[in-house]
Amino acid sequence: MAELDPNDAQQRLKSFDLLKRMLSTYDFSKVDATMSPTETMVGHNYFWVGASAMEAIIESVQASQLTEVKTILDMPCGHGRVLRHLAAMFPDATIDACDLDKEGVEFCAKAFGARPIVSHEDLTAVEFDTKYDLIWIGSLFTHTSREITEQWLTFLSRQLTGEGIIVATFHGRFAPKLHYHTPYIDDGKWAVIMDGYLRTGYGYADYQSGQSHDFIEGSYGLSVTRPSTLLEIVFKIPGVRVHHYKERGWGNNHDIIAFGPPNWDDSTWPSEEPKLIPPPPEPPGT
C-alpha cells in the first residue's frame, strides 16, 4: 500500500474544515423563500429539491480535495430553486447565476445578490471572467445530446480552479422506470431515446415543437445516460478525475457525478510505467 503523502493529509484536514463550515452555516428553515412571479417549477417539493442539491454538494465536497468555496457558478439557475440554498450555505462566496432565461437570471441577481450572466445557446460562446471552486449543473445535461454534453462538460471543466469541482445531474437507469409511471415525452420520441440508450448508452431526442422553452430556438430535448457511458465521457476530459457518482442522488431522481482536478494520474506517481520483471527461465529437463 502506498504511503500517505503528508501534503495529502493536510489537504484532507482542510477539506474537513470546509465541510464543518458548510454544515454549521446552512439552515434549511432560514433559506430565503422569496419566489419569482414567473417561476415555472413551483410544487410541493420545490424547497426539498433545492435542499437535496446541498446534500449532493456536501457528499461531493467530502469525496473531493476541495478546501474552499469562494466562487460558484449555478447553471441553469432558473429562478433560484437551488441558488437560494447555495447562498445560504456559502454566504461569503461570489455566486454567478447563468441561464438562457433572462428573467430568471435577473431575479436571482435581485433577490439573492448573484452576479447575472445571460447564457448563449452555444455555451462555449459564453465568456466567464473568473474561475470557479464549485459549478452546480442541475438538469441541463438531462436535455442535451451526447455531442453537446461532451463539448460543454469539457468547456466547463476549463472554468474550474485548481481544486474546483463540477457537480452535474443526469437521467440515469431510474429514468426508464419512471417514464412508465410519469412519461417524460411522447411514445415516438421515447422509442428513439431508448434505442440510443440501449445501443450506445446515451439516448436523446428533441422535444416536439412547442414543448421547449420559448427562449430556446435550437436543439433541446430529453436524454438518458447509462452510468458507465457517462464515466467514459468524463474520462476523456483532460486534467480531471471522477470524485463521486451517486445514482438518484438529486431529488431521488437524477444521478449525480462530481469531477475536477487534479488529474487521476498526477505527479505522485512515477512518470514512466513500471517495467515488468520477466519470470526466471525454467530449469533444464522440466
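As a reminder, the structure under discussion sits directly above these lines.
Here the residue numbers are simple positions, counted from 1 along each chain's written sequence. Residue-level local features of this predicted model are given only where pLDDT is at least 70; pairs of side-chain atoms are given and counted only at 80 or more, and the full residue set underlies all totals for whole chains, interfaces and linings. No hydrogens and no water enter the side-chain calculation; it runs on all heavy atoms of the structure.

Q: Whenever I open this one, the pattern of salt bridges confuses me. Can you help?
A: It is possible for side chains bearing opposite charge to pair when their charged atoms get close. Should a side-chain nitrogen of Lys or Arg be within 4 Å of a carboxyl oxygen of Asp or Glu, the pair is scored as a salt bridge. A full pass over the atoms with the stated rule returns eight salt bridges. In this structure, the salt-bridge partner of Asp17 is Lys20, at a minimum N-O distance of 3.5 Å. Pair noted here: Asp17 and Lys20 are both in helix 1 (residues 6-25), with a separation of three residues, about one helical turn. A salt bridge links Lys246 to Glu59; the nearest nitrogen and oxygen atoms lie 3.0 Å apart. Highlighted residues: Lys246 in strand 8 (residues 241-250) and Glu59 in helix 2 (residues 46-63), separated in sequence by 187 residues. Here Glu59 falls in the partly exposed class, since its relative accessible area comes to 25%. Each helix is a run of H or I in the DSSP string that is no shorter than four residues. Each strand is a run of E no shorter than two, and both are numbered from the N terminus. Type-normalised accessible area, obtained with a 1.4 Å probe on protein chains alone, sets the label of each residue: buried when under 20%, exposed when over 50%, and partly exposed for intermediate values.

Q: What am I meant to see in the packing of aromatic side chains here?
A: Aromatic ring pairs are reported here in terms of the distance separating the ring centres and the angle at which the planes meet. Side-chain rings of Phe, Tyr and Trp (the six-membered ring for Trp) are treated as a pair once their centres are within 6.5 Å; stacked means planes under 30 degrees apart, edge-to-face means over 60, and tilted covers the remaining angles. Tallied over the entire structure, the rule returns eight aromatic pairs. Between Tyr207 and Tyr220 the ring centres are 5.7 Å apart and the planes differ by 50°, which places this aromatic pair in the tilted class. Here Tyr220 lies in the loop between strand 6 (202-206) and strand 7 (221-225) and Tyr207 lies in the loop between strand 6 and strand 7, a separation of 13 residues in the sequence. Pairwise contacts between aromatic rings join Phe128, Tyr132 and Phe155 into one cluster. The rule for a charge over a ring is simple: NZ of Lys or CZ of Arg within 6 Å of the ring centre, and within 35 degrees of the ring normal. Over the aromatic face of Tyr197 sits the side chain of Arg226, whose NZ or CZ is 4.9 Å from the ring centroid. Over the face of the ring belonging to Phe174 we find Arg248, whose NZ or CZ atom lies 3.6 Å from the ring centre.

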